[in-house]
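Overview (structure and organization)
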Amino acid sequence: MGDGAYCEEFVADCRLRMAADLFAHTWDAVVLAALTEGPRRRRTLRARIGGISDKALTEALHRLAGNGLIERRFFAEAPPRVDYALTDLGRSFADGPMRALGAWVTERGDELFEAQERLTAS
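Structure report, in brief. Quantities reported herein were computed from a predicted structural model and do not represent experimental measurements.

Some thoughts on the side chain of Asp83
Turning to its location among the elements, Asp83 is positioned in strand E3 (residues 81-86). Engagement of the side chain of Asp83 in a polar contact is seen with the side chain of Arg81, the distance being 3.4 Å.

Digging into the nonpolar core
Counting 20 residues, the largest nonpolar core has Val31, Leu32, Leu35, Leu61 and Ile70 as its most contacted members. Contributing elements (two or more residues each) for this core: helix H2 (28-35), helix H3 (42-49), helix H4 (54-66), E3 and helix H5 (88-121). If you tally residues by element for this core, the top one is H4, at five residues. Setting aside chain neighbours within four positions, we find Val31 in contact with Ile49, Ile52, Leu57, Ala60, Leu61 and Leu64.

Points about the pairing of strand E2 (residues 70-75)
Pairing of E2 with E3, which is carried by six bridges, proceeds in the antiparallel orientation. Bridged to Arg73 within E3 is Asp83. Linking E2 to E3, which pair antiparallel, is a turn of five residues.

Re H2
Side chains of residues three or four places apart in an α-helix project in the same direction, reflecting 3.6 residues per turn. Within the span of H2, buried status applies to Asp28, Val31, Leu32, Ala34 and Leu35. Buried residues along H2 cover an arc of 160° about the axis, so they all sit on one side.

Focus: the pairing of E3
Bridge analysis of strand E1 (residues 40-41) against E3 gives two bridges, and the strand direction is antiparallel. Bridge pairing in E3 links Arg40 to Tyr84.

Observations regarding the packing of H2 against H3
The N-to-C vectors of H2 and H3 enclose an angle of 110°; their axes lie 10 Å apart at closest approach. When the interaxial angle is binned, H2 and H3 end up roughly perpendicular. Here H2 runs over H3; the crossing is right-handed. Residues Val30, Val31, Ala34 and Leu35 of H2 form the contact with H3, whose participating residues are Leu45, Arg48 and Ile49.

How each quantity is defined
Residues numbered from 1 in each chain as written. Predicted model: local features only at pLDDT ≥ 70, side-chain atom pairs only at ≥ 80, totals over all residues. Heavy atoms only, no water. Helix = DSSP H or I, 4+ residues; strand = E, 2+ residues; numbered from the N terminus. Polar contact = N/O pair within 3.5 Å; in protein donor to acceptor, adjacent residues only side chain to side chain. Core = buried A, V, L, I, M, F, W, Y, C linked by side-chain atoms within 4.5 Å. Buried < 20%, exposed > 50% of the residue type's maximum accessible area, 1.4 Å probe, protein only. Contact = heavy atoms within 4.5 Å. Pairing = 2+ DSSP bridges. Arc of directions from axis to C-beta. Axes fitted to C-alpha atoms, helices over the stretch in contact; angles between N-to-C directions. Parallel < 35°, antiparallel > 145°, perpendicular 65-115°, else oblique. Left-handed = near helix turned anticlockwise from the far one by under 90°.

Following this line, the structure appears as structure tokens:
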């Protein structure tokens, strides 16, 4: 397996598969992108994203926190306040693979769209 970054066999604990799974859920990347602007309260995140249900936001926040990409921060104020922020790991993911994917789809998105249209037209 070399340095462990890639797998000779795509097994369940393969690091490449683990990384690809970070893009598997529709809203996860959107939530991460919204948090690149800085920490946000849940209500602000939901309004900023638009179209996300409360359930989908809850699930995305739990998944992202479970993967160490975001942190839930509690502030003992009156009234109490909770916000969500990127961790260092989350920032590196947003600034690395997510930014690269965004650049790729900006450059090649028309080709991707055309291929999908050809498939549905046949």
